Amino acid sequence: MPLHGRFNLVQRTAQACTALAFNLHRKSEFLVALADYSIKCFDTVTKELVSWMTGHESSVFSISVHGSGRYAITTSSDTAQLWDLDTFQRKRKLNILQSVGIQKVFFLPLSNTILSCFKDNSIFAWECDTLVCKYQLPAPPESSNILYKVFAVTRDGRILAAGGKSNHIHLWCLEAKQLFRIIQMPTKVRAIRHLEFLPDSFDAGSNQVLGVLSQDGIMRFINIQTCKLLFEIGSLDDGISSSVISPHGRYIASIMENGSLNIYSVQTLTKEINKPPPPLVKVIEDLPKKKGNSGDLKVKVTSGRVQRPARSRESKIQTRILKQDLTGGFEKKENELSDGLNKKRLQILLKGYGEFPTKYRMFIWRSLLQLPENQTAFSNLIDKGIHVAFLNLQKKYPIKSRKLLRVLQRTLSALAHWSAIFSDTPYLPLLAFPFVKLFQNNQLICFEVVATLIINWCQHWFEYFPNPPINILSMIENVLAFHDKELLQHFINHDVTSQLYAWPLLETVFSEVLTREEWLKLFDNVFSNHPSFLLMTVVAYNICSRAPLLNCKRKDDFEYFFHHRNNLDISAVIREAYRLLDTTPADIHPDSMLDAFVALTKGQYPVFNQYPKFIVDYQTQERERIRNDELDYLRERQAVEEMQAEVDQQRVEDEAWYQKQELLRRAEETRREILLQEEEKMIQQRQRLAAVRRELKVKEMHLQDAARRRLLQLQQDQREMELRRLDDEIERKVHMRDREIAATAKDLEMRHLELESQKRLYEKQNLSRNQEAVAKEMKENADAYRQKVDVEEHMFHRLIGTDQTQNQKIHKLIEENLAKAEQACLNTDWRIQALHKQRCSDLRRNECYQEIARLLRKNRKKEIAVLNAMMEGEAKKWEEAEEKDFHLKSEKKTAALSDASRRWFLEKEIHDAQHPCDKVVPKGRDEEFASGCLPRASQLNDISEMESLTQISLNQRKMHWDAMEQDLMERVRNLRQRLVTQAQNRCQTPHLLTT
């Protein structure tokens, strides 16, 4: 830190510094960006580390601090981060694509706007609080092939200067958002390394001088309006590496390429440029003698620009010494002002032109008022914050511009912290407002101007505090009485006092009744004269307005007149004020009671105690008591409001809970309705599904029924074919039996004839007759054997067919039992029909047998006679025949038993194959059936034995068929009962035996 040519070590960072930033909210703090991508905050007083901020991933090359000093933006190549310097916490972060890159991100002065400049020449403006994009500048023209590298903005934030690797500088108007000028630097400038505007206290922030540091190490200062080169610093031998200008524009600090630090005085460099124009009236007077030779400070004007003389390296240190010689070489005279101005000359200039030049008015005012510009003392006042008396200033004075309101609030707070009486002065905002509006961009100048005004032009105003200054108003009334008694008498007649026609003008310093130009013109004269001139101006304003005032009759008209602008020539008022100043007698002249001008002291402001302290202290105590009472009331009110808020919150929560419960209940009802609807839909779907299943089941049953019907039809066809085959077989058997019977009848007839012939030829043919009987017996035996073989083969084929059919039936499903039962019923019916047919056939055969028996009886009688005749002749042969017959019977019995056993075995196998789960027919019935099926024997020796055997066989057959019919009917009944009672186990289906 530069301090009288010295520096103090604050902290050793052990790393390279990449960026610095000052002017934080706490003036003793500053920010440092280091090579490890971190940012540190140090305090110059305590020399301690305040905070350490991290978050960047590359080097920070730029730090921008907000005008309030409470926020900062740090910029690296890939990101920009917004920091809160009160808490040192990161608020926002700007991330971009790596292909674009950030060039610079910074705050615009005196605003909440952030300007972001990228490497593709795109420039965006963002709102600081919300980070909403406000606008984007258009792309530069294609003819200007330049990539922006460096940027600078004026203090009012209206103009943006941008440059890069070119000798062109682009000037953008941020209000119009357009490029309005391109400045071309000299040809020896190939690249621009740094841009910075030179601040000026009197240009209201619209800086006109731009400093341009080029690649040759020379920083040139140009006027952006006239595009003229004003001056330059640095040289080719001693080039500048980087440079920065102080906030007030008084000094330029430059780091040279050789590592040294040079401090330049802007006032010295611009002394010839800012020299005021020469006055029209010149006074010849002796010049004060100066010590030392100032020839080295002369500047030369060459090629339309100002140059400074070149200095050798040995004379670098002389800059500060020369400045001290300049400031201390003038004589302390009354008319000599700082900055080389003369008050008498300014007064002559003012009388000649009526006002100061607009361009130099602020400079002249600052010189006339001899402002010390105590930055440190003012900062201490500002650091105390907003005074409690002006916290709610916007409620009493609603100003549209928030910036102007903030500056007014800070200025009034600084005045209140300077002297306690100003916190209770009700007209202080009215008094300070025109100066705040005029100097809103420089709060220090504004404060010192108002303070100087109060000390000099507001003398004795506070002696009767809190009442208006009766003594000052009396001076005004005395002067008015001397110069215009008629007007004063008119005021008295209408009960208008000086508090009405003089005090409103004083407390507002004429800002309510004059325009800006008129007010500036008036205060050019006020600041150039004795403090009594302001009081004379009040009298002059009344005298110049006497015509309309004499026409006013009501008090309201007078009040309106002195609080509003009127059609009045301010130049006439000023001339009248000068006339009153010169013609007023000394006994009533205000200058005899007012002190001469006294400037503010340098370093610290003077103590202001020109007021009744006991009244102020009493008011302060009363105000403090009222404030405490108000605070107590506010606390109680806040407690009541908090309780009310809690009650309201509880009520709201209860209502919300009830509403939520109601919503939940409605939702539950809705869900229940939805569930009922879904259940109804599900029931309907289930019904439809059941209907579909029923339809499918019906279709399946129809298909099964159709298949069953086809199977039953097929079986019925097979049964019919079998029945037809059986019918054919029965018919064939009947036909064969008929033919046999016919043949037998014919044989019997032939035998009868033979018997008759034998009877006649017995003796002759006895031997041949025996042989014929044996042949006939052998023939009958052969026929019986052939029939037996046919029956056995037929039963064997049926066994094979039944076994194959049963193997197929075993694999059928249980659902076919009904069809089997129906088929069993059909089979039973068919068997009954077959039995009936067989019975009929047996009846017919019985009739045939009876006919044959009748014929046999008829023949028997004839044969008896023959036999009786033959008995005697054959006595010898019978014994032999009986022995053979006995032997034959024994063999027949053996064959019969073998046949019966074989037939029983075949029927049992057939029955087991057809009925695997049914009971076996009892053996007795089977033997009975077998015995009923014994072949008809013709083995009796005589006709009577054959007839008895035939009758027994027919009776046994009839009884057998009756028993079988009853058994079949019983089985049918059992079958139907079992189908009903045994629905789950249908495997045991009864089948009937077939013969």
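The name an unreviewed UniProt entry gives the protein is TBC1 domain family member 31, with Bison bison bison as the organism. The Subunit (unreviewed entry) field of the UniProt record for the protein holds the comment "Interacts with PJA2; the interaction is direct and recruits PJA2 to centrosomes. Interacts with OFD1; regulates its activity in cilium assembly. Interacts with PRKACA."

### Focus: the confidence of the model for the protein
Summary statistics for the protein give a mean pLDDT of 77 and a share of 79% for residues scoring 70 or more. A low-confidence stretch, residues 285-334 (pLDDT under 50), is modelled with 41 contacts involving residues beyond four sequence positions or located in other chains. Here residues 986-995 scores under 50 on pLDDT; set against residues more than four positions off or in separate chains, the count is 39 contacts.

### Remarks on the packing of aromatic side chains
Counted under the stated rule, the structure contains 32 aromatic pairs. When the ring of W365 is compared with that of W519, the centres are 6.4 Å apart and the planes differ by 65 degrees; the resulting orientation is edge-to-face. Of this pair, W365 sits in helix α4 (residues 361-369) while W519 sits in helix α14 (residues 516-526), and the two are 154 residues apart along the sequence. Between F447 and Y605 the ring centres are 5.2 Å apart and the planes differ by 70 degrees, which places this aromatic pair in the edge-to-face class. Pair noted here: F447 is in helix α9 (residues 443-457) and Y605 is in the loop between α18 (570-583) and α19 (613-760), with a separation of 158 residues, a long-range link. Assessed through its relative accessible area of 11%, Y605 is described here as buried. Among the aromatic residues, ring-to-ring pairing joins F378, W418, F422, Y427, F447, W461, F462, W503 and Y605 into one connected group. The ring of Y135 carries the charged tip of K177 above its face, separated from the ring centre by 4.7 Å.

### Concerning the sheet that holds strand β9 (residues 102-107)
Taking strand neighbours across the sheet as the criterion, the four strands line up as β9-β10-β11-β12 in an open arrangement whose pairing is antiparallel. Each edge of the sheet is formed by a strand with only one pairing partner; in this case those strands are β9 and β12 (133-136). This sheet shows a mean twist of 20 degrees between the axes of neighbouring strands, independent of strand direction. Here five bridges tie strand β10 (residues 113-118) to strand β11 (residues 123-127), and the two strands are oriented antiparallel to one another. Residue L115 lies in a different strand from β11, and its bridge partner there is A125.

Conventions we followed
Residues numbered from 1 in each chain as written. Predicted model: local features only at pLDDT ≥ 70, side-chain atom pairs only at ≥ 80, totals over all residues. Heavy atoms only, no water. UniProt positions renumbered as here; feature names shortened; annotations may be inferred. pLDDT = per-residue confidence, 0-100. Contact = heavy atoms within 4.5 Å. Phe/Tyr/Trp six-rings, centres within 6.5 Å; stacked < 30°, edge-to-face > 60°. Helix = DSSP H or I, 4+ residues; strand = E, 2+ residues; numbered from the N terminus. Buried < 20%, exposed > 50% of the residue type's maximum accessible area, 1.4 Å probe, protein only. Lys NZ or Arg CZ within 6 Å of the ring centre and 35° of its normal. Pairing = 2+ DSSP bridges. Axes fitted to C-alpha atoms, helices over the stretch in contact; angles between N-to-C directions.

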